[in-house]
Amino acid sequence: MKRSMIALAGLSVAAIMQAPAYAEVPPVPPTQSADISHAKSCEDVSMSVYFSAYESMLSSYSMRAVNAASDRLAGCAVTEINAEVVSEEAHDDEGLANLSEARAAAVLDAFNVRGIQAREVHTDITPKVDVAMPAGANAPLARRVDIVLIAQPGYGL
């Protein structure tokens, strides 16, 4: 009697373990990839790149901003670049006047390295003082290059 109960219990366990194998199989997902149309919008990008006092080297934060703008323009043709320098260090000193030119060149070079180039590049390197700042104030927001990248859809997209 014990043998028959043990055998019946063993068969019951085996049957229960096999039950999921006979369950309904979920449907197989399609093997074809979905075609999702994505229209690239090539909008103009306006941004400001900030500098430390008396420096023309881009900081890591400024490089991140340049990289983000470049990524946003991937696949677009940049037709025009406008750069304008705003500088709190706008003095009559020739060395400080060259600082504005160096800042504009640093920003344009950073975009050039990322593949952003244009036939028309307009730079206004005449040092300007931010009119909202009181005279003699030391303000990091008044040490910048304002840049506008004018873009349109590129070919082959």
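Residues numbered from 1 in each chain as written. Predicted model: local features only at pLDDT ≥ 70, side-chain atom pairs only at ≥ 80, totals over all residues. Heavy atoms only, no water.

### Quick word on the overall build of the protein
Quick reminder of the rule: Put simply, DSSP H or I for four residues or longer makes a helix, DSSP E for two residues or longer makes a strand, and each gets a number counted from the N terminus. Between two residues, a contact is recorded if the distance between any of their heavy atoms is within 4.5 Å.
In terms of regular secondary structure, the protein is built from three helices and four strands. Counting helices and strands in the order they occur from the N terminus, the protein gives α-β-α-β-α-β-β. Look at the contacts in the protein between residues 6 or more apart in sequence, and 87% of them connect residues 24 or more apart.

### Digging into the state of the cysteines
Our working rule: By definition, disulfides here are pairs of cysteine sulfur atoms that lie within 2.5 Å.
Applying the stated criterion across every chain, the model contains one disulfide. Between Cys 42 and Cys 76 runs a disulfide, and the two sulfur atoms are separated by 2.1 Å. Taking the sign of the S-S torsion, about -85 degrees here, the bridge from Cys 42 to Cys 76 comes out left-handed. You can see Cys 42 sitting in the loop between helix H1 (2-18) and strand E1 (45-50) and its partner Cys 76 sitting in strand E2 (residues 76-87), a full 34 residues away along the chain.

### Focus: the pattern of salt bridges
Quick note on the threshold: Definition used for salt bridges: Asp or Glu carboxyl oxygen within 4 Å of a side-chain nitrogen of Lys or Arg. To sort residues, take the accessible area from a 1.4 Å probe on protein chains only and compare it with the maximum for the residue type: under 20% means buried, over 50% means exposed, and anything in between is partly exposed.
All chains considered together, the criterion is met by two salt bridges. Among the ionic pairs, Asp 71 bridges to Arg 114, the shortest N-O distance being 2.3 Å. Taken together, the positions of Asp 71 in helix H2 (residues 60-72) and Arg 114 in the loop between helix H3 (94-113) and strand E3 (120-124) put the pair 43 residues apart, joining distant regions of the chain. Its relative accessible area of 47% is what places Asp 71 among the partly exposed residues. For Arg 114, a relative accessible area of 35% corresponds to the partly exposed category. With its nearest N and O atoms 2.9 Å apart, the salt bridge here joins Arg 144 to Asp 146. Arg 144 gets classed as buried once you look at its relative accessible area, which sits at 15%.

### Some points on unusual backbone geometry
A positive phi angle, near 60 degrees, is found at Tyr 54, a position not held by glycine. Locating Tyr 54 in the fold gives a position in the loop between E1 and H2.

### Let's talk about the nonpolar core
To keep things clear, this is the line we draw: Remark: nonpolar core denotes a set of buried residues (Ala, Val, Leu, Ile, Met, Phe, Trp, Tyr, Cys) joined through side-chain atoms within 4.5 Å.
One finds Val 107, Phe 111, Ile 147 and Leu 149 to be the most contacted residues of the largest nonpolar core, which totals 26 residues. Counting only elements with at least two residues in this core, the list comes to E1, H2, E2, H3 and strand E4 (143-153). The biggest single contributor to this core is H3, with six residues. Val 107 has contacts with Val 49, Phe 51, Leu 58, Val 145 and Ile 147, leaving out every residue within four places of it along the chain.

### As for the sheet that holds E2
Going by this rule: At least two DSSP bridges between two strands are needed for those strands to be called paired. An axis is simply a line fitted to the C-alpha atoms; with a helix, the fit covers only the stretch in contact. Between two such axes, the angle follows the N-to-C directions and lies from 0 to 180 degrees.
Taken in spatial order, the four strands make up an open sheet running E1-E4-E2-E3, and their pairing is mixed. Looking at the sheet topology across the chains shown, the edges are occupied by E1 and E3. Adjacent strand axes in the sheet meet at a mean angle of 15 degrees when their direction is disregarded. Of the pairings in the sheet, the one linking E2 to E4 comprises eleven bridges and is antiparallel in character. Bridged to Val 86 within E4 is Arg 144.

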